[in-house]
Structures are given as C-alpha cells and as structure tokens.
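Chain residues, written in single-letter form:
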Amino acid sequence: MGTTSFSDLPPEVQAMIGRYFWQHELPVCLRVCQAWKTLFSPYLWREADLSWNRKEVEFDFVNGLKTYGQHLRSLTLRDDSVFLCSVMRSRPSFQLTSLEMHLTHVGHWIPFVNFLGRGSTTGWRRLIISVSVELEPSYEFGPDFFAAVLKHASTLEVLRLEDECYADADGVNRLLCSAPNLKVLYISNDHKEQHDGGYLDAKAIVDAEWVCSNLEVFACEIRNIPRPDITREIRGQPATEHTRAGTLEESIEIQRRIYSKLAQFTKLRELTLGFHYNAGYPMVVPRDRDYIRQYDCLAMTLDSGLDLLKDLKEIQEVGLPNMEIYIDGEQEQSWFDEYWPNVAIDFETQEADQSDNNTFEEVTSDEDTNIENAPLPIIVNIT
C-alpha cells in the first residue's frame, strides 16, 4: 500500500491541519520550508500574547502586523501608550474579536480607548480588562469607554472589568439593553472611598428593557434600594444613618422588580451581587467591613421576593459577600434546599464578621503578622 506525504494532500486538507497545532508548535512548522511558512503563518498570527516580556518582541510584532495583521483575532497585552500607538499605526484596521488587557497606569487611558474603537472592524466578541493601580486613582470606565464598547453591542459576548475599576452605571445598563448576544457580564467594585460607582442603580434599571436573554454570568452590584428592615446599629450609629430612606412597601416593590429582571436570565450559571474587599489595600481590613458593606442591596429573603428566582435551574454559584442579607432564616434555608440544593453560596453572616474581627485583633498583636493572615470569609454550600 502506497504512502501519502503531506505535500500530496489537497491544499484545503493541509490548511485544516494547522488548526490542531499548539501555538508553541507553529513556529517550528514555519521553519521547515517556505511553503509551510505561507501555509501556517495565518494560524500563528490568529492569537498573540504579549503580556510577558513584551519589550524584547514588540518591534518584530509591530513589523509583522504589516504582513500578517489581517489574520490576528485575539490579542493579550499590558497597557503601554507608545506600543498601542505603534500597533495602530502599523495597520489602519484590524479584525480582532478578543482583547485581554491589564491596565496599570491611568495615563494610558486615551490610547486604550482609541484602540478599543479601532481594533475591530468585524466587532468585538470578548473584552477582558483587569486593573491594578496601587498608588494612583482607580480606573473609571466612564461614558467614553462605553461609547466605544456600545459600537460592538451586536457582537459582544463577554465583558469583564476586573479588580480596581469602577464602571459607569448608565453605560452598564445601556449595554444590557443593547447586547443580545451577551453571555458574561462581570463588573467588579473595589470599594475605595474616593469612588461612588461600580454598581447598577436599582431605581434606574427597573424599567429598562434588557435584551441579553442568553446571559450565563451576571456579576455586578445592584444598589440604592431602601432597606428599612435593617434595624441593627451600624458603626455605633442608628441604621437610618447608613441606609436609603423609604418605606417597607417601597423597598419590597423595587426588590421584587429587580428579582423579576434577574429571573429572566434562565441560563444563568453564576449570579454575583457582592465582592470581597481587596485585602492588599491598607484602608480596608476585616474589622472595617461595615464601611464597605452594602446596606442598599437586595435582602435575599422570601419576604423581599427571593422566590421569583426559583426558575433559575442552571445556577451553580451565587456570590453575596459584604451584603446586608438575611438568607440564614429557616424559611430561606428551606427554600434553598428545595430550589437550589447544590448551589454554592458565598456570603458572610454577622456572627462570622464578629468572629473575624476578634481573630484579626488577636493575630495583629504579633508584629510579624500582616493582613494576608486574616481569616477568609466563610463559604457556605447549602445542601
């Protein structure tokens, strides 16, 4: 029986084989011969990760874009205004669909937004932006950012704004009303004192018409809900000093409307309405949780309308840390047993907070102990 060499295969079959090589294998193929270089270069250039050691390769990368830039679909990099400008000058347009970027300096904001607007002629599908700016103001993803993103609302499937960032509430709401293919929405909130943002305003979204019915991950705080049911002292003051004014009837009405909006996401796997504090930020420590706790959030009780979420059959994870919620009641526990028996619930009780505070005071008596040794919030898996 005769053998068939690679060169005997039809061109379309040869091209198909390129899909099965790992990125680290493709450069080897390019060195075999000119025919293989021509054949496999498009696959090598489909994905580019410049988040590591970029300075050594960025010149060659920008040069290569002039020839192979039309093949680029996914780009991962750290922010650098000079580099971003070089990339944009190398080609008038790209057909990128995925961008992962780590922002570290607020001075790179304008080149980043410009790149976001010009980086895809076919429409972004996946945008993952992480932020770490220890000694500077956090990134505020404001109207200019969402103006660029909303141009791609029809194709966008994933938007993740992670770590030290604050998103414009109106921009997030407009995206939910404009992105029918959105599957992942993740908007973190780092709770630094100088910012008042990073969440959806409950009163502003109750009448909004969200169109992303295929959403699988919803991670964003929803706030500005009156909570007259909170009666305990907060930081040594009456609760009314820290909660939104409103009657119990107004509170329940707006909460039920919010639950109803979330209930339409029947494919939801993850629902996160609260975030853990950044333990690396010195202002926020376990004993100060009352400063970052949400006192204007959903109560997550049956009286407030929790039962409206019972049809979320695909749900696997629910994140509720740093929220004033009362899900540990007997009725609520029975509800979870019946409707969400295998869902992982991440939340903190008042008792856990007090326990954490006491433990924190004890461990900090040793001058060699730092905040990283403070106990983590409890994770409750209701079964």
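Our subject is the structure that appears above.
So, here is what we can say about the structure in this document.

Cut-offs applied
Residues numbered from 1 in each chain as written. Predicted model: local features only at pLDDT ≥ 70, side-chain atom pairs only at ≥ 80, totals over all residues. Heavy atoms only, no water. Axes fitted to C-alpha atoms, helices over the stretch in contact; angles between N-to-C directions. Helix = DSSP H or I, 4+ residues; strand = E, 2+ residues; numbered from the N terminus. Parallel < 35°, antiparallel > 145°, perpendicular 65-115°, else oblique. Left-handed = near helix turned anticlockwise from the far one by under 90°. Contact = heavy atoms within 4.5 Å. Nonpolar A, V, L, I, M, F, W, Y, C, P; charged D, E, K, R; others polar. Polar contact = N/O pair within 3.5 Å; in protein donor to acceptor, adjacent residues only side chain to side chain. Buried < 20%, exposed > 50% of the residue type's maximum accessible area, 1.4 Å probe, protein only. Salt bridge = Lys/Arg side-chain N within 4 Å of Asp/Glu carboxyl O. Phe/Tyr/Trp six-rings, centres within 6.5 Å; stacked < 30°, edge-to-face > 60°. Lys NZ or Arg CZ within 6 Å of the ring centre and 35° of its normal. Pairing = 2+ DSSP bridges.

1. Considerations on the packing of helix α7 (residues 143-150) against helix α8 (residues 169-176)
- At a closest axis distance of 9 Å, the pairing of α7 and α8 adopts a crossing angle of 15°. Here α8 runs roughly parallel to α7, going by the angle between their axes. Crossing of α7 against α8: the hand is right-handed. Contacts between α7 and α8 involve Phe146, Val149 and Leu150 on the former and, on the latter, Gly171, Val172, Arg174 and Leu175.
- Split into classes, the residues belonging to the contact of α7 with α8 amount to 5 nonpolar, 1 polar and 1 charged.

2. A word on the side chain of Arg223
- Secondary-structure assignment places Arg223 in strand β11 (residues 221-223).
- Within the structure, the side chain of Arg223 is placed 2.9 Å from the side chain of Asp296, a separation counted as a polar contact.

3. Considerations on unusual backbone geometry
- Even without being a glycine, Arg235 presents a positive backbone phi close to 55°.
- Topologically, Arg235 is positioned in the loop between β11 and α10 (248-263).
- The backbone of Met300 shows a phi angle near 60°, a positive value even though the residue is not glycine.
- Judged by relative accessible area, which is 1%, Met300 ranks as buried.

4. Some words on the pattern of salt bridges
- On inspection of all chains with the given rule, the structure shows 12 salt bridges.
- A salt bridge links Glu100 to Arg126; the nearest nitrogen and oxygen atoms lie 2.8 Å apart. Highlighted residues: Glu100 in strand β3 (residues 98-103) and Arg126 in strand β4 (residues 126-131), separated in sequence by 26 residues.
- Glu100 sits in the partly exposed class, given a relative accessible area of 26%.
- Residue classification places Arg126 among the partly exposed residues on the basis of a relative accessible area of 30%.
- Glu216 is the salt-bridge partner of Arg269, the closest N and O atoms lying 3.2 Å from each other. Placement of the pair is Arg269 in the loop between α10 and β12 (270-272) and Glu216 in the loop between α9 (202-205) and β10 (217-219), with a sequence separation of 53 residues.
- By relative accessible area, Arg269 is classed as partly exposed at 32%.
- Look at Glu216 and you get partly exposed, because its relative accessible area is 24%.

5. Examining the environment of Arg160
- Assignment of secondary structure puts Arg160 in strand β6 (residues 158-163).
- When the C-alpha atoms of Arg160 and Arg126 are compared, they prove to be 8.5 Å apart, with 34 residues separating the residues in sequence.
- Excluding its chain neighbours within four sequence positions, the residues that come into contact with Arg160 are Leu127, Ile128, Ile129, Val184 and Tyr186.

6. Remarks on the environment of Val206
- Secondary-structure assignment places Val206 in the loop between α9 and β10.
- When its relative accessible area of 13% is taken as the criterion, Val206 is described as buried.
- Measuring from C-alpha to C-alpha, the distance between Val206 and Arg257 comes to 6.2 Å, with 51 residues separating the pair along the chain.
- Among all residues touching Val206, those that are not within four sequence positions of it are Ile254, Arg257, Ile258 and Lys261.

7. Re the packing of aromatic side chains
- Here the structure, examined in full by the defined rule, presents 12 aromatic pairs.
- The interplanar angle of 75° and the centroid separation of 5.6 Å between the aromatic rings of Tyr186 and Phe275 together place this pair among those described as edge-to-face. With a gap of 89 residues between them, Tyr186 in strand β8 (residues 184-187) and Phe275 in the loop between β12 and α11 (289-292) connect regions that are remote in the sequence.
- Considering the side-chain rings of Trp335 and Tyr339, the 5.4 Å spacing of their centres and the 45° angle between planes classify their relative orientation as tilted. Of the two residues, Trp335 and Tyr339 are both situated in helix α12 (residues 330-339); the distance of 4 residues between them amounts to about one turn of the helix.
- You can call Trp335 buried: its relative accessible area is 4%.
- Put simply, the rings of Phe112, Phe141, Phe145 and Phe146 pair up and form one aromatic cluster.
- Looking at Arg223, its charged tip hangs above the ring of Tyr199, at a distance of 5.3 Å from the centre.
- Above the ring of Trp210, the side-chain terminus of Lys261 is found at 4.6 Å from the ring centroid.

8. Some details on the pairing of β8
- Burial of β8 is two-sided: the residues Val184 and Tyr186 facing one way and the residues Leu185 and Ile187 facing the other way are all buried.
- Sheet analysis places β6 next to β8, joined by 4 bridges and oriented parallel. Bridge assignment links Leu161 to a residue of β8, and that residue is Ile187.
- Relative to β10, β8 runs parallel, the two sharing 3 bridges. Bridged to Val184 within β10 is Val217.

9. What about the environment of Cys85?
- Relative to the assigned elements, Cys85 resides in helix α5 (residues 81-90).
- Overall, the relative accessible area of 29% leaves Cys85 in the partly exposed class.
- Residues Cys85 and Phe115 lie 30 residues apart in sequence; the distance between their C-alpha atoms is 8.2 Å.

10. Comments concerning the packing of helix α6 (residues 109-118) against α7
- Axis separation between α6 and α7 bottoms out at 8 Å; the angle between their running directions is 15°. Taken together, the axes of α6 and α7 are roughly parallel relative to one another. As for the relative orientation of α6 and α7, their crossing is left-handed in sense. Within the contact between the two elements, α6 uses Trp109, Phe112, Val113, Leu116 and Gly117 and α7 uses Asp144, Phe145, Ala148 and Val149.
- For the contact of α6 with α7, the per-class residue count stands at 7 nonpolar, 1 polar and 1 charged.

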